[in-house]
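A closer look at the structure
If you want the building blocks of each chain, they are given just below.
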Amino acid sequence: MNSMVHPHLNVCMNVYCHFLDWEKHVVHGTLLACLLLSAATLISGCAITQDYQRPQVNIPNTWRIDYETASNLADTAWWENFQDPVLNELIKTALNENKDLRIATARVEAFAGRVQTVQSGFYPQLNYGVSTSREQQSLERMTTAIAQGRNRSNATYLGMLNVNWELDIWGRLQRATEAARADLLAAEEGRQAVILTLISNVAVGYFNLLSLDKQLEISKRTLTSRLDWLALFEKKIKGGQISNLEFAQVKVAYGQAATYIPILERRIALQENSLSVLLGRSPGDIKRRKSMDLDMIPEVPQGVPSDLLQRRPDIRQCEQNLIAANARSGIAQTQYLPSISLTGLLGFASASLSDLLQKSANLWQAGIKTIGPIYEGGRYKGEIRKAEAEKQQFINEYLKTIQIALSEVNDALISIKKLHELIEIENSYLMGLKDYVRFAHNRYDAGFSSYLTIMDSERELYEAEIRRVQTQKDIFEAIVSCYKAMGGGWGNGSKDTLSY
């Protein structure tokens with residue numbers, strides 16, 4: 001207990017002793033209340049708890065990958081940078097209809113109600129009571145549980161107002177309110193994290209859908225080409241111009257191309273169903289633009305590592321959880337100190353209803369109530385230990401979240417850089433493969449090579465075209481991941497203002 005004594009605690013205890021002296025000598029309720037309020041004002045700074053201080057964080061000055069030209073994402077609807085009206089409409093629908101977001105919003109409202117409940121402790125609690133009863137006293141043994149009167153049977157009529165006002169001398173209510181507000185803000189940041197994740201998932205799902213559409217288009221075009229070759233070779237084998245081996249090679253090439261179609265159509269349907277859930281509606285078709293082109297890709301968002309502390313909702317949520325834990329640690333420490341309240345009672349009581357409002361029937365009481373612990377078997381010490389451990393837990397969670405955020409941004413920036421390099425290589429590779437296919441066709445027509453050469457060249461071209469589409473999709477996803485990792489620009493200018 002001595003290790004936790006605040007430097008001002010002795011002053012506070014002296015004032016508290018004066019309270020007890022006043023209670024002995026001052027009788028009039030109004031004067032007592034005035035003196036207590038004055039004393040409470042004088043010692044309002046006697047709280048023994050410590051204010052929150054943000055932990056020291058080691059943050060680099062720059063990212064591992066830097067870009068000279070970039071657009072600022074702060075306070076913007078970053079998904080509009082993709083310049084796709086269909087995507088904008090899908091995200092708007094998700095923000096209005098997604099059930100996870102509605103759950104998060106309801107959670108914020110619940111914490112707002114909790115703040116209002118805790119704040120009510122700063123104000124006097126006024127209650128009323130009205131009762132009527134009739135009692136009969138025992139003639140064998142009088143009991144104070146039943147009112148005594150001139151007769152054995154008596155009636156009692158009672159109407160009263162009761163007031164109780166706890167003085168926040170040690171800062172207990174202040175810390176409780178601070179904790180409740182931090183919980184509210186943490187819930188709001190959690191809602192912002194849901195919004196950020198929701199928008200990112202819709203964008204990634206939409207780009208994956210465009211990628212699958214493009215792959216299906218390539219696969220159908222390839223299948224059509226293989227079907228033409230199959231029809232040609234069926235005529236040739238009937239005329240005895242080719243061997244069974246060559247005809248089997250054409251059938252294998254066609255069958256291979258045909259297997260891609262149902263696989264891609266299944267993946268498209270599943271992706272549409274997944275997007276429908278994010279949009280808050282039953283599974284169905286998803287509207288999208290016709291193609292996914294690299295000219296849709298916006299510039300990389302800019303920012304320095306320290307911006308994450310203000311932009312990332314998960315970091316802000318962890319800090320609010322830490323603020324709440326610090327406040328609860330202060331609440332636990334104040335449990336050793338007495339709770340001091342002003343009490344008052346005003347009312348009327350009489351044996352008959354007609355006399356209830358007579359001047360002679362009025363009653364009143366004013367006083368001070370002090371409740372404090374003497375022995376609690378180490379319960380408060382255990383609660384302080386628990387609160388301090390939880391505080392350390394949230395400190396490390398806050399620092400870990402910052403480290404993860406820094407890693408995610410660097411991962412996204414590196415991915416963007418390397419994927420751009422990869423797609424340049426793939427573009428050159430595709431140009432070479434198209435030449436390979438053209439030369440293979442020319443040699444086959446001239447009778448210098450077999451269909452096996454054409455089949456090999458077309459297979460490699462198909463695989464390269466599919467890989468390029470997937471790389472395009474990976475670039476889009478990396479850009480989305482970068483926006484998400486940097487906090488998305490969704491928050492400060494967009495979220496609702498909390499006035500609690």
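Reference entry: report on the structure contained in this document. Note that this is a predicted model, so its numbers are computed, not measured.

Further remarks concern the pairing of strand β2 (residues 153-167). Here twelve bridges tie strand β1 (residues 125-136) to β2, and the two strands are oriented antiparallel to one another. Paired with Val130 across the two strands is Gly159, which belongs to β2. Pairing of β2 with strand β3 (residues 339-350), which is carried by eleven bridges, proceeds in the antiparallel orientation. From the neighbouring strand, Tyr157 faces β3, where its bridge partner is Ser350.

What follows deals with unusual backbone geometry. Non-glycine residue Gln83 carries a positive phi angle of around 55°. Within the secondary structure layout, Gln83 lies in the loop between α2 (29-42) and α3 (85-97).

The next subject is a nonpolar patch on the surface. Taken together, the side chains of Leu126, Tyr128, Val130, Leu161, Leu346 and Trp364 make up a nonpolar region of the molecular surface, amounting to roughly 760 Å² of accessible area. If one sorts the elements of the nonpolar patch by residue count, β1 sits on top with three residues. Its relative accessible area of 69% is what places Tyr128 among the exposed residues.

Before going further, it helps to examine the environment of Ala387. Within the secondary structure, Ala387 sits in helix α9 (residues 379-445). Among the residues examined, Ala387 registers a relative accessible area of 7% and is labelled buried. A sequence separation of 62 residues divides Ala387 from Ala325, and the C-alpha atoms of the two residues are 6.9 Å apart. The residues touching Ala387, leaving out its near neighbours within four places in the chain, are Arg328, Ser329 and Ala332.

In this structure, Trp78, Phe82, Val202 and Phe207 are the most contacted members of the largest nonpolar core, which totals 56 residues. Elements represented by at least two residues in this core include exactly α3, α5 (172-238), α6 (244-278), α7 (308-311), α8 (313-333), α9 and α10 (451-485). By residue number, the principal contributor to this core is α5, which donates 13 residues. Ranked by size, the runner-up nonpolar core spans twelve residues in total, among them Trp229, Val250, Ile454 and Met455.

Applying the stated criterion across every chain, the model contains 13 aromatic pairs. The interplanar angle of 50° and the centroid separation of 5.0 Å between the aromatic rings of Trp229 and Tyr451 together place this pair among those described as tilted. Within this pair, whereas Trp229 is found in helix α5, its partner Tyr451 is found in helix α10, the two being separated by 222 residues in sequence. This pair shows no difference in class: Trp229 is buried, exactly as Tyr451 is. Measuring from ring centre to ring centre gives 6.4 Å for Phe233 and Tyr444, while their planes differ by 20°; the resulting arrangement is stacked. Of this pair, Phe233 sits in helix α5 while Tyr444 sits in helix α9; the two residues are 211 residues apart in sequence, bridging distant segments of the chain. Taking relative accessible area as the criterion, Phe233 reaches 0% and is therefore assigned buried. By relative accessible area, Tyr444 is classed as buried at 14%.

Each pair of packed helices gets described by two things: the angle between the helix axes and the distance between those axes. Packing of helix α4 (residues 99-119) against α5 leaves a shortest axis separation of 9 Å and a crossing angle of 170°. In this view, α4 runs roughly antiparallel relative to α5, as classed from their interaxial angle. Judged by residue contacts, Asp100, Leu101, Ala104, Thr105, Arg107, Val108, Phe111, Ala112, Arg114, Val115, Val118 and Gln119 of α4 engage Ala176, Thr177, Ala180, Arg181, Asp183, Leu184, Ala187, Glu188, Arg191, Val194, Ile195 and Leu198 from α5. Classifying every residue of the contact of α4 with α5 gives 14 nonpolar, three polar and seven charged.

What counts, and where the lines are drawn
- Residues numbered from 1 in each chain as written.
- Predicted model: local features only at pLDDT ≥ 70, side-chain atom pairs only at ≥ 80, totals over all residues.
- Heavy atoms only, no water.
- Pairing = 2+ DSSP bridges.
- Helix = DSSP H or I, 4+ residues; strand = E, 2+ residues; numbered from the N terminus.
- Patch = residues over 30% accessible without salt bridge, like charges linked within 9 Å, V, L, I, M, F, W, Y side chains within 5 Å.
- Areas by Shrake-Rupley, 256 points an atom, 1.4 Å probe, with all protein chains shown as cover.
- Salt bridge = Lys/Arg side-chain N within 4 Å of Asp/Glu carboxyl O.
- Buried < 20%, exposed > 50% of the residue type's maximum accessible area, 1.4 Å probe, protein only.
- Contact = heavy atoms within 4.5 Å.
- Core = buried A, V, L, I, M, F, W, Y, C linked by side-chain atoms within 4.5 Å.
- Phe/Tyr/Trp six-rings, centres within 6.5 Å; stacked < 30°, edge-to-face > 60°.
- Axes fitted to C-alpha atoms, helices over the stretch in contact; angles between N-to-C directions.
- Parallel < 35°, antiparallel > 145°, perpendicular 65-115°, else oblique.
- Nonpolar A, V, L, I, M, F, W, Y, C, P; charged D, E, K, R; others polar.

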